Amino acid sequence: MDNVKNKTAIVTGGGSGIGYAITEDLLHKGAKKVAIIDLPLERCYNATVTLQEKFGKDRVVFFPTDITNAESYKETFKDIVNVFNGLDILINNAGICKDNNPEQTFAINVVSIETLNFLFFSLNKI
Ligand SMILES: NC(=O)c1ccc[n+]([C@@H]2O[C@H](COP(=O)([O-])OP(=O)(O)OC[C@H]3O[C@@H](n4cnc5c(N)ncnc54)[C@H](O)[C@@H]3O)[C@@H](O)[C@H]2O)c1
């Protein structure tokens, strides 16, 4: 990822795995601020503190939010845009692979992504 210097970003599922690595890469390459949207789990708080210690407390913010709850993440999205004074980058990384729960899988892997994309494109009038 290039051209992220001084940009603001959301990374869903940034509290672990690939999302954590993406968040770290954005910060390493000079992104101004990154918001992690992830579940309110201890490892996500810990991941945020680790990144804050490495890159600066004000550059990474954790917004504990379940992206299957539309009202909740719409509010979170608005809060982030307000706190960051706009938003340049949206990374829809959060996802699951659960064959035994197709409804939950669809809610996370499809519905939330479509809604977040809509909010982002509306904001940036793309
Ligand atoms: N790791 C792989 O080999 C692989 C392969 C293909 C696709 N993917 C996809 O890449 C993405 C990242 O994979 P990963 O291996 O880092 O997985 P991971 O499980 O380590 O990370 C997923 C993150 O999404 C978060 N998340 C899950 N449900 C959520 C919800 N309802 N609300 C908010 N956050 C939620 C989790 O808490 C977690 O932090 C996922 O979408 C995954 O499906 C991964």
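Criteria and cut-off values
Residues numbered from 1 in each chain as written. Predicted model: local features only at pLDDT ≥ 70, side-chain atom pairs only at ≥ 80, totals over all residues. Pairing = 2+ DSSP bridges. Helix = DSSP H or I, 4+ residues; strand = E, 2+ residues; numbered from the N terminus. Axes fitted to C-alpha atoms, helices over the stretch in contact; angles between N-to-C directions. Contact = placed C-beta atoms within 7 Å. Buried ≥ 20, exposed ≤ 12 C-beta atoms within 10 Å, placed from the backbone. Near = placed C-beta within 6 Å. Nonpolar A, V, L, I, M, F, W, Y, C, P; charged D, E, K, R; others polar. Expected span 1.5 Å × (residues − 1). Bend = angle between axes of the 7 residues up to and from the residue. Parallel < 35°, antiparallel > 145°, perpendicular 65-115°, else oblique. Left-handed = near helix turned anticlockwise from the far one by under 90°.

Turning to the sheet that holds strand S4 (residues 89-91), a few remarks are in order. As summarised here, the arrangement of the four strands in space is S3-S2-S1-S4, forming an open sheet in which the pairing is parallel. Strand pairing shows two members of the sheet lacking a second neighbour, strand S3 (60-64) and S4, which therefore form its edges. For this sheet, the mean angle separating the axes of adjacent strands, direction not counted, is 15 degrees. Inspection of the sheet shows strand S1 (residues 8-12) paired to strand S2 (residues 33-38) by five bridges, in the parallel sense. Residue pairing in the sheet places Thr8 in a bridge with Lys33 of S2. Sheet strands touched by helix H1 (residues 17-28): S1, S2, S3 and S4. Its angle to S1, the strand with the most contacts, is close to 170 degrees. Lying on the sheet, helix H2 (residues 42-55) is in contact with S2 and S3; it crosses S3 at an angle near 170 degrees.

A few words now on unusual backbone geometry. Excluding glycine, residues mostly carry a negative phi; peptide bonds, for their part, are mostly trans. For Asn6, which is not glycine, the phi torsion reads 65 degrees and is therefore positive. Looking at Asn6, the number of C-beta atoms within 10 Å reads 10, which means it is exposed. Of note in this structure, Asn85 is not a glycine but carries a positive phi near 60 degrees. Within the fold, Asn85 resides in the loop between helix H3 (70-84) and S4. Classification of Asn85 as exposed rests on a count of 9 C-beta atoms within 10 Å.

Checked against the element boundaries, Asp58 lands in the loop between H2 and S3. In this structure the C-alpha to C-alpha distance between Asp58 and Lys33, which are 25 residues apart in sequence, comes to 7.3 Å.

Moving on, we get to the site of the ligand. Near the ligand you find 18 residues, and of these Gly13, Gly17, Ile18, Ala94 and Gly95 are the closest. In the shell around the ligand, the residues fall into seven nonpolar, nine polar and two charged.

Counted at 1.5 Å a residue, the expected span for helix H4 (residues 102-124) with its 23 residues is 33 Å, and the 32 Å between its end C-alpha atoms agrees. By the largest-angle criterion, Ile108 marks the main kink of H4, which is about 30 degrees. Those residues of H4 that sit buried are Ile108, Ser112 and Leu116. Buried positions along H4 lie against H3 and S4.

Our focus in this paragraph is H2. Working note: α-helix, 3.6 residues per turn, so residues spaced by three or four point in the same direction. In a regular helix each residue adds 1.5 Å, so 14 residues correspond to 20 Å; H2 covers 20 Å between its end C-alpha atoms and thus fits that length. Buried residues belonging to H2 abut H1, S2 and S3. Gly56 sits one or two residues past H2 and shows a positive phi near 115 degrees.

The next point concerns the packing of H1 against H2. One way to put it is that H1 packs onto H2 with a least axis distance of 11 Å and a crossing angle of 15 degrees. Comparing their axes, H2 and H1 come out roughly parallel. Handedness of the crossing formed by H1 with H2: right-handed. Two secondary-structure elements touch here, H1 through Tyr20, Thr23, Glu24 and Leu27 and H2 through Ala47, Leu51 and Phe55.

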